[in-house]
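What follows is the residue order along each chain.
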Amino acid sequence: MALEHALLVSLSEQSGSGYELARRFGKSIGFFWNATHQQIYRVLKRMDEAGWVDARTVGQDGRPDKKVYRVSDAGRTELQRWIAEPTEPGQLRNELAVKIRAASLGDLADVKAEVARHRDDHARRLEVYRLIEKRDFPAPDRLSGPQLHQYLVLRGGIRVEEGFTLWCQEVLDAL
């Protein structure tokens with residue numbers, strides 16, 4: 001997936017400036033697709049040049065003007081094309097798994113400490129996802145449209161974090 005498509009999805013949900021998009025990434029899409037402020041601004045410029053977004057300048061009191069972006073007709077067409085395009089199933093490519101496989105070649109205590117660190121990190125992320133679920137989706141059975149889609153992605157993240165946390169604990173128990 002290109003950053004362009006992640007930005008098109010975000011802008012389809014709500015228009016915004018580069019700064020606002022970067023903040024949104026930090027709170028939602030960024031859990032699944034990371035981008036720096038610089039990357040976002042650089043890609044927005046390319047998207048504007050390609051005609052995928054329309055930008056309007058908004059004046060601000062005491063601050064420089066900002067550009068607010070929204071998806072253009074060409075951007076919606078590109079997003080629809082991309083959505084219809086087949087996606088390759090993801091593979092588990094994880095450096096921690098390779099370290100576990102090589103555990104007998106190094107210091108087992110170091111491997112266990114690294115597995116515990118990963119477990120704790122994934123457990124923290126799981127807790128954040130569960131808090132978001134509780135706060136933003138108190139009645140999931142009543143969701144439809146974009147809110148349902150956002151919820152389903154969040155549930156996927158919860159399942160991944162649950163699974164990874166449990167796997168790390170299983171590894172620690174076995175070692």
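Everything quoted here is computed from the prediction, not taken from an experiment.

Tallying secondary structure elements over the protein gives 7 helices and 2 strands in all. Relative to the compact-globule value of 16 Å for 175 residues, the protein shows a C-alpha radius of gyration of 20 Å, a clear excess of over 25%. Seen along its three principal axes, the alpha-carbon backbone of the protein occupies a region of about 60 × 40 × 40 Å. Looking at the 175 residues of the protein, the share that counts as buried comes to 34%. Of the roughly 11,900 Å² of accessible surface on the protein, 52% is carried by carbon and sulfur atoms.

Our next topic: the pairing of strand β2 (residues 63-71). In terms of strand pairing, strand β1 (residues 53-60) meets β2 through 7 bridges, oriented antiparallel. Bridging from a neighbouring strand, Gln60 pairs with Arg63 of β2. Here β1 hands over to β2 after 2 residues, with Gly62 in that stretch at a positive phi of 75°.

With that settled, consider the layout of surface pockets. Space inside the second largest pocket adds up to approximately 200 Å³. Forming the boundary of the second largest pocket are Ser17, Gly18, Tyr19, Glu20, Tyr41, Gln60, Arg63, Pro64, Asp65, Lys66, Lys67 and Tyr69. Looking at the lining of the second largest pocket, the elements that each hand over two or more residues are α2 (18-27) and β2. Looking at the lining of the second largest pocket, the element that brings in the most residues is β2, giving 6 residues. Across the lining of the second largest pocket, the residue classes break down as 4 nonpolar, 3 polar and 5 charged.

Here we take up helix α7 (residues 145-174). For α7, built from 30 residues, the straight-helix expectation of 44 Å at 1.5 Å per residue is met to within 8% by its first-to-last C-alpha distance of 44 Å. All of the buried residues in α7 are Tyr151, Leu154, Arg155, Gly157, Ile158, Glu161, Glu162, Phe164, Thr165, Cys168, Val171 and Leu172. Structurally, α7 contributes buried residues whose contacts are with α5 (95-101) and α6 (108-136).

As enumerated under the stated definition, the model contains 16 salt bridges in all. A salt bridge links Glu49 to Lys45, with the shortest nitrogen-to-oxygen separation between them at 3.0 Å. Within this pair, Glu49 and its partner Lys45 are both found in helix α3 (residues 37-50), separated by 4 residues, close to a single helical turn. For Arg76, the salt bridge goes to Asp73, with nearest N and O atoms at 2.6 Å.

A few words on the packing of helix α1 (residues 3-13) against helix α4 (residues 73-84). When two helices pack together, their arrangement is given by the angle between their axes and by how far apart the axes lie. Relative orientation of the contacting elements α1 and α4 amounts to 120°, with a least axis distance of 10 Å. By the criterion of interaxial angle, the relationship of α1 to α4 is oblique. Judged by the sense of rotation from one axis to the other, the crossing of α1 with α4 is left-handed. Contacts between α1 and α4 involve His5, Leu8, Val9 and Ser12 on the former and, on the latter, Gly75, Glu78, Leu79, Arg81 and Trp82.

The rules behind the values
Residues numbered from 1 in each chain as written. Predicted model: local features only at pLDDT ≥ 70, side-chain atom pairs only at ≥ 80, totals over all residues. Heavy atoms only, no water. Helix = DSSP H or I, 4+ residues; strand = E, 2+ residues; numbered from the N terminus. Rg over C-alpha atoms; globule rule 2.2 N^0.38 Å. Buried < 20%, exposed > 50% of the residue type's maximum accessible area, 1.4 Å probe, protein only. Areas by Shrake-Rupley, 256 points an atom, 1.4 Å probe, with all protein chains shown as cover. Pairing = 2+ DSSP bridges. 1 Å grid on protein atoms, 1.4 Å probe; cavity = no way out; pocket = protein on both sides within 12 Å on 5 of 7 lines; lining within 4 Å. Points joined across faces, edges and corners; volume = space filled by probe spheres on them. Nonpolar A, V, L, I, M, F, W, Y, C, P; charged D, E, K, R; others polar. Expected span 1.5 Å × (residues − 1). Contact = heavy atoms within 4.5 Å. Salt bridge = Lys/Arg side-chain N within 4 Å of Asp/Glu carboxyl O. Axes fitted to C-alpha atoms, helices over the stretch in contact; angles between N-to-C directions. Parallel < 35°, antiparallel > 145°, perpendicular 65-115°, else oblique. Left-handed = near helix turned anticlockwise from the far one by under 90°.

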